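This is what each chain is made of:
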Amino acid sequence: MMRVADAVRDLGLPAWRLERLGTAVAEATTNAMEHGNGYRSDLLVHVQVLAAPDALFVRIGDDGIGPIAEPPVPDLAAKLSGQQAPRGWGLFLIRNLVDDLRIGGGDGGHTVELVLRLDGSDLVPRAAAMPDVASARAGGPSVPRRAGRGDKGGM
Amino acid sequence: MREAHERLAVRRIDPTVSIIDVRGDLTGAAEDALMAAYAEASGAQTSRIVLDFGGLAYMNSSGIGLLVTLLVRVQRQGQRLLAFGMSEHYRHIFELTRLDEAIGVYDTAAAALAAEGAGPRKG
């Protein structure tokens, strides 16, 4: 979380957006360690931060196989009445704390991509925003300080 | 990241109301500490349990799950759960999860303690 915060520091995001991004990244990383990698110490979680002029992307990848299982949309009344388990808020929080959440999964591992729009637009050209970015591996979450189109010099 | 494994302080204001000081990180690791604090805070005449979030450093989705578990137990005892001292970030999360509709959220201890009989609201 701290390394992601360091990576986006120069973008000038307001504190409240950074705080929401931090919570979303922490939840996604925890999910990757728990559900994707099953807390196996020999498997890594990969974190990439990419900036484009109109959006910030944080990708969290793990080695999980198959599609990411999505729990039921949490409903507080259902949880209080025992119809849902008390837990299961993680993906819900992520979806509501960033502007977009993209989930990919398959035999090559899971990838969750968090998007923060930087210009207020609802249209984020995904492919154009992330050209030729390679994955990186490191012990624990790693943040390659690379930027896509529109490098602002601080990433 | 600090973990809230340690005992959480409980203040008995009077026989009907107790304050639990939530400090450090409220994650799944804090379950025993939070439930032990509730057991200490809840007496035969207790009608309100107040959570002081002024010392909260971090709360994740598992921490929210713990609050839901606590809320179930509090409601089962016919008590009310109140809170104060939350940052704007966690107030926002309470709104997203609708916890603010079940837990009375106030700015200060005085406002929470003065809320006897009032339904959940934002102070």
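Placed above this text is the structure.
Residues numbered from 1 in each chain as written. Chains lettered and ligands numbered in written order. Predicted model: local features only at pLDDT ≥ 70, side-chain atom pairs only at ≥ 80, totals over all residues. Heavy atoms only, no water.

Peer 1: I'm lost on the overall build of chain B in this one. Help?
Peer 2: Along its length, chain B carries 4 helices and 5 strands. Secondary structure elements in chain B, listed N-terminal to C-terminal, are β-β-α-β-α-β-α-β-α. Scored against the burial criterion, the 123 residues of chain B give a buried share of 54%. Considering only contacts in chain B between residues 6 or more positions apart, those separated by 24 or more positions represent 66%. For chain B, the computed accessible surface area is about 5200 Å², with 47% contributed by carbon and sulfur atoms. (Helix = DSSP H or I, 4+ residues; strand = E, 2+ residues; numbered from the N terminus. Buried < 20%, exposed > 50% of the residue type's maximum accessible area, 1.4 Å probe, protein only. Contact = heavy atoms within 4.5 Å. Areas by Shrake-Rupley, 256 points an atom, 1.4 Å probe, with all protein chains shown as cover.)

Peer 1: How do you make sense of the interface of chain B and chain A when you look at a structure like this?
Peer 2: Size of an interface, as often reported, equals the accessible area lost when the parts are brought together. Between chain B and chain A, the residue contacts involve 20 residues of the former and 17 residues of the latter. Buried surface at the junction of chain B and chain A, both sides included, amounts to about 1600 Å², of which 68% is carbon and sulfur. At the surface where chain B touches chain A, the tally comes to 0 salt bridges. For the pair chain B and chain A, the number of links is 4 residue pairs in polar contact (both at pLDDT 80 or more). Secondary structure elements with two or more residues in the side of chain B that touches chain A: helix H2 (61-76) and helix H3 (88-97) of chain B. With 9 residues, the single largest contributor to the side of chain B that touches chain A is H2 of chain B. Taken together, the residues that form the side of chain B that touches chain A break down as 10 nonpolar, 9 polar and 1 charged. (Buried area = accessible area lost by both parts, 1.4 Å probe. Salt bridge = Lys/Arg side-chain N within 4 Å of Asp/Glu carboxyl O. Polar contact = N/O pair within 3.5 Å; in protein donor to acceptor, adjacent residues only side chain to side chain. Nonpolar A, V, L, I, M, F, W, Y, C, P; charged D, E, K, R; others polar.)

Peer 1: Is there a simple way to explain the sheet that holds strand E2 (residues 17-26) of chain B in this structure?
Peer 2: Two strands in a sheet stick together by hydrogen bonds in their backbones, pointing the same way (parallel) or opposite ways (antiparallel). Residues and elements named next belong to chain B. The strand order across the open sheet formed by 5 strands is E1-E2-E3-E4-E5, and the pairing between neighbours is mixed. Of all strands in the sheet, those with a lone pairing partner are strand E1 (10-14) and strand E5 (104-106), marking the two edges. Sheet twist, expressed as the mean angle between neighbouring strand axes with direction ignored, is 25°. One ladder, built from 5 bridges, connects strand E3 (residues 48-59) with strand E4 (residues 80-84); its direction is parallel. Bridge pairing in E4 places Asp52 opposite Phe84. (Pairing = 2+ DSSP bridges. Axes fitted to C-alpha atoms, helices over the stretch in contact; angles between N-to-C directions.)

Peer 1: Even after reading the chapter, I still don't get the sheet that holds strand E2 (residues 55-61) of chain A, so can you show me in this structure?
Peer 2: All names here are of chain A. Strand order across the open sheet formed by 4 strands is E1-E2-E4-E3, with antiparallel pairing between neighbours. Both outer strands of the open sheet, strand E1 (46-51) and strand E3 (100-104), are each paired with one neighbouring strand and no more. The sheet shows a mean angle of 15° between the axes of neighbouring strands, direction not considered. When E2 meets strand E4 (residues 111-117), the two strands line up antiparallel, connected through 7 bridges. When the sheet's bridge partners are listed, Ala55 is paired in E4 with Arg117. Packed on one face of the sheet, helix H4 (residues 90-97) meets E3 and E4 and runs near 130° to E3.

Peer 1: Explain the packing of aromatic side chains here, please?
Peer 2: For any pair of aromatic rings, the description consists of the separation of the ring centres together with the inter-plane angle of the planes. Overall, the coordinates contain 2 aromatic pairs over all chains when judged by the stated rule. Seen in terms of ring centroids, Phe53 of chain B and Phe94 of chain B are 6.1 Å apart; in terms of plane orientation they differ by 80°. Their pairing is edge-to-face. With Phe53 of chain B in strand E3 and Phe94 of chain B in helix H3, this residue pair connects regions lying 41 residues apart in the sequence. The pair formed by Phe53 of chain B and Phe94 of chain B is uniform in burial state, with each residue classed as buried. If you follow Lys79 of chain A out to its NZ or CZ, it ends over the ring of Trp89 of chain A, 5.1 Å from the centre. (Phe/Tyr/Trp six-rings, centres within 6.5 Å; stacked < 30°, edge-to-face > 60°. Lys NZ or Arg CZ within 6 Å of the ring centre and 35° of its normal.)

Peer 1: Honestly, the pairing of E1 of chain B in this entry has me stumped. Any pointers?
Peer 2: Working note: regular strand, side chains alternate between the two faces of the sheet. Residue and element names in this part refer to chain B. Pairing geometry for E1 and E2, over 4 bridges, is antiparallel. Each residue of the ladder has a partner; that of Val10, found in E2, is Ile20. Hairpin connection from E1 to E2: 2 residues lie between these consecutive antiparallel strands.

Peer 1: Help me out: how do you make sense of the nonpolar core in this one?
Peer 2: Core analysis: the biggest nonpolar cluster contains 65 residues, and Leu114 of chain A together with Leu26 and Phe53 of chain B have the highest contact counts within it. In terms of residues, this core owes the most to one element, H2 of chain B, which gives 7 residues. Once residues lying within four places of it in the same chain are set aside, the contact partners of Leu114 of chain A are Ala24, Val25, Leu56, Phe57, Val58, Ile60, Ile94, Val98, Asp100 and Leu101 of chain A. Counting residues in each nonpolar core, the second largest holds 8 residues, with Val17, Ile19, Val50 and Ala115 of chain B among its members. (Core = buried A, V, L, I, M, F, W, Y, C linked by side-chain atoms within 4.5 Å.)

Peer 1: Explain the packing of helix H2 (residues 15-36) of chain A against H3 of chain B to me, please; I cannot follow it from the model alone.
Peer 2: The angle between the axes and the distance between the axes are what describe a pair of packed helices. In contact at an axis separation of 10 Å, H2 of chain A and H3 of chain B are set at 60° when each is read in the N-to-C sense. The angle between H2 of chain A and H3 of chain B places the two elements in the oblique class. Handedness of the H2 of chain A/H3 of chain B crossing: right-handed. Packed against H2 of chain A, whose contacting residues are Glu19, Arg20 and Thr23 of chain A, the element H3 of chain B presents His89, His92 and Ile93 of chain B at the interface. Classifying every residue of the contact of H2 of chain A with H3 of chain B gives 1 nonpolar, 3 polar and 2 charged. (Parallel < 35°, antiparallel > 145°, perpendicular 65-115°, else oblique. Left-handed = near helix turned anticlockwise from the far one by under 90°.)

Everything listed here is a matter of coordinates, which is why it stays silent on function.
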